[in-house]
Amino acid sequence: MPAIAPDDQVFVLTGAGVSAESGIPTFRGVNGLWRNYRIEEVASPRAWHRDPRLVWEFYSMRRQVASAARPNPAHLALAKLEKKLQQRLFLCTQNVDNLHELAGSRQVVHMHGELFKSRCDACSRAPFHDTSTYDPPAGIPRCECGGRIRPHICWFGETPFELDRIFGALNECTVFMAVGTSGVVEPAASFVAHVAGRARTIYVGPEEPANASSFTECHLGKAGEVLPDLLGAF
Ligand code: OAD
């Protein structure tokens, strides 16, 4: 891959696959989370109203898994890229874990929220850092206002975070790279089509994503193996 030119703006979109080698399960695929849990029972506003204990059980389990995970070479390669490109890199992740930050990335946009943050479902109190795992029989944690504390996650049927900033960066990028995402969940799945024709579009992952036809380059392999080489050339 040719080096990034001094005026290139790079947009990187990561998905569950970038954290797979750190031991965090992806959503789809053989051992995917959505094989064992039904989205509508654990990750939707309806689920929260119907059975908030089950929702907290699911996110408490995910907090436990994520707190044991460590960044892999793919996260580290992206953190290194930020050091090199600084403001010319826009790192947008669909992941709710904190492995990009643990690897050293400073500017990470979490469009689907953050696993280690919670917020009130009733008042405008700002989301806060929260690593607790809630034992469902102990009840749902409450805010001072009486509202229930929920995970700071974008559930199905909710609007992803920071879309204005994200589309601003997409409009400016000259290189778009997606890593470890199946290309089926909107709006992220359409980012590549949004930039196609005016930016170089690169995919990295072990198999072609559903939106593969919109990419000009596909590098098939595990992110932890492909990215260090690919980004090292930048
Ligand atoms: P998926 O589980 O849909 O897709 C994971 C992708 O990672 C697949 O295409 C795999 O081929 C790829 N993959 C697996 N191992 C990999 C590795 N070692 N290196 C690189 N790629 C690898 O996950 P996402 O596309 O991220 O949303 O899912 C998008 C959204 O759907 C998630 O953010 C989540 C989910 O429902 C919410 O929870 C709102």
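Because the structure is predicted, anything quoted here is derived from the model rather than measured.

1. So, the pattern of salt bridges
- On inspection of all chains with the given rule, the structure shows eight salt bridges.
- Ionic pairing is found between E41 and R38, a salt bridge with its closest N-O pair at 3.3 Å.
- Residue E217 pairs with R200 through a salt bridge whose shortest N-O separation is 3.9 Å. One end of the pair, E217, is in strand β9 (residues 217–220); the other, R200, is in strand β8 (residues 200–205), and 17 residues separate them in sequence.
- E217 sits in the partly exposed class, given a relative accessible area of 21%.

2. Examining the environment of L33
- Mapped onto the elements of the fold, L33 is located in helix α2 (residues 33–36).
- With a relative accessible area of 8%, L33 lands in the buried category.
- Excluding residues within four positions of it along the chain, L33 makes contact with P25, T26, F27, F58, M61 and R62.

3. Things to note about the packing of helix α6 (residues 73–85) against helix α10 (residues 223–232)
- Between α6 and α10, the least distance of the axes is 7 Å, while the angle of their chain directions is 20°. Overall, the two elements α6 and α10 adopt an arrangement that is roughly parallel. Both α6 and α10 take part in a crossing whose hand is left-handed. Where α6 approaches α10, its residues P73, A74, A77, L78, L81 and K84 are matched on the opposing element by A223, G224, L227, P228, L231 and G232.
- Of the residues contributing to the contact of α6 with α10, the split by class is nine nonpolar, two polar and one charged.

4. Let's talk about the nonpolar core
- Counting 24 residues, the largest nonpolar core has W56, Y59 and W155 as its most contacted members.
- Secondary structure elements with two or more residues in this core: α2, α4 (45–50), α5 (52–67), β4 (113–120) and β6 (149–153).
- Element by element, the count of residues in this core is highest for α5, at five residues.
- Looking at this core, you find at least three residues from each of domain 1 (10–24 + 70–112 + 160–232) and domain 2 (30–68 + 117–153).

5. Side note on the site of the ligand
- If you check the shell around the ligand, you find 23 residues, and the closest are F27, R28, T181, S182 and E207.
- Within the contact set of the ligand, an oxygen atom lies 2.8 Å away from a side-chain nitrogen or oxygen of H112.
- In the complex, the protein chains occlude 92% of the 800 Å² of accessible area that the ligand would expose alone.
- Mapped by element, the contributors of at least two residues to the shell around the ligand are α1 (17–20) and β8.
- Grouping the amino acids of the shell around the ligand by side-chain chemistry returns ten nonpolar, nine polar and four charged.

6. Points about unusual backbone geometry
- Cis geometry is adopted by the peptide bond preceding P187, which originates at E186 and carries an omega value of 5°.
- A positive phi angle, close to 60°, is found at E162, a residue other than glycine.
- As for its placement among the helices and strands, E162 is situated in the loop between β6 and α8 (163–172).
- By relative accessible area, E162 is classed as partly exposed at 38%.

7. Let's talk about the domain arrangement of the chain
- Per the domain assignment, the segments making up the chain are domain 1 (10–24 + 70–112 + 160–232) and domain 2 (30–68 + 117–153).
- Using only C-alpha atoms to locate each centre, domain 1 and domain 2 end up separated by 26 Å.
- Carbon and sulfur atoms make up 62% of the surface buried where domain 1 meets domain 2, a total of about 550 Å² over both sides.
- Between the two partners, domain 1 and domain 2, sit zero salt bridges.

Thresholds applied
- Sequence order sets the numbering: in each chain, residues are counted from 1 along the sequence as written.
- Given that the model is predicted, a residue must reach a pLDDT of at least 70 before its local features are reported, and side-chain atom pairs must reach 80 or more before they are shown or counted; all residues, however, enter totals for whole chains, interfaces and linings.
- Only heavy atoms go into the side-chain values, all of them from the structure, while hydrogens and water stay out.
- In the sections that follow, a salt bridge refers to a side-chain nitrogen of Lys or Arg positioned within 4 Å of a carboxyl oxygen of Asp or Glu.
- Secondary structure elements are defined from DSSP: runs of H or I of at least 4 residues count as helices, runs of E of at least 2 residues count as strands, and each element is numbered from the N terminus.
- Relative accessibility decides the category of a residue: with a 1.4 Å probe and only protein chains considered, values under 20% of the type maximum give buried, values over 50% give exposed, and everything between is partly exposed.
- Throughout, a residue-residue contact means that at least one pair of heavy atoms, one from each residue, lies within 4.5 Å.
- Angles here are taken between N-to-C directions and fall from 0 to 180 degrees, while the axes themselves are lines fitted to C-alpha atoms, restricted in helices to the stretch in contact.
- For classification, angles of less than 35 degrees are called roughly parallel, those exceeding 145 degrees roughly antiparallel, those between 65 and 115 degrees roughly perpendicular, and all remaining angles oblique.
- Note on convention: near helix rotated counterclockwise from far helix by under a right angle means a left-handed crossing. Clockwise means right-handed.
- Residues are grouped as follows: Ala, Val, Leu, Ile, Met, Phe, Trp, Tyr, Cys and Pro are nonpolar; Asp, Glu, Lys and Arg are charged; every other residue, Gly included, is polar.
- Here, the term nonpolar core denotes a set of buried Ala, Val, Leu, Ile, Met, Phe, Trp, Tyr and Cys residues that are joined through side-chain atoms within 4.5 Å.
- What fixes the domain bounds is an automatic or database domain assignment.
- Near residues are defined by distance, with any heavy atom within 4 Å of the molecule or strand qualifying the residue.
- As used in this structure description, the phrase polar contact means that two N or O atoms lie within 3.5 Å; if the pair is within protein, one of them must be able to donate a hydrogen and the other to accept it, and residues adjacent in sequence are counted only when both atoms belong to side chains.
- Only the protein chains shown count as cover for residues, and all accessible areas are computed by the Shrake-Rupley method using a 1.4 Å probe.
- Defined here as a combined quantity, buried area equals the accessible surface (1.4 Å probe) lost by two parts on assembly, summed across both.

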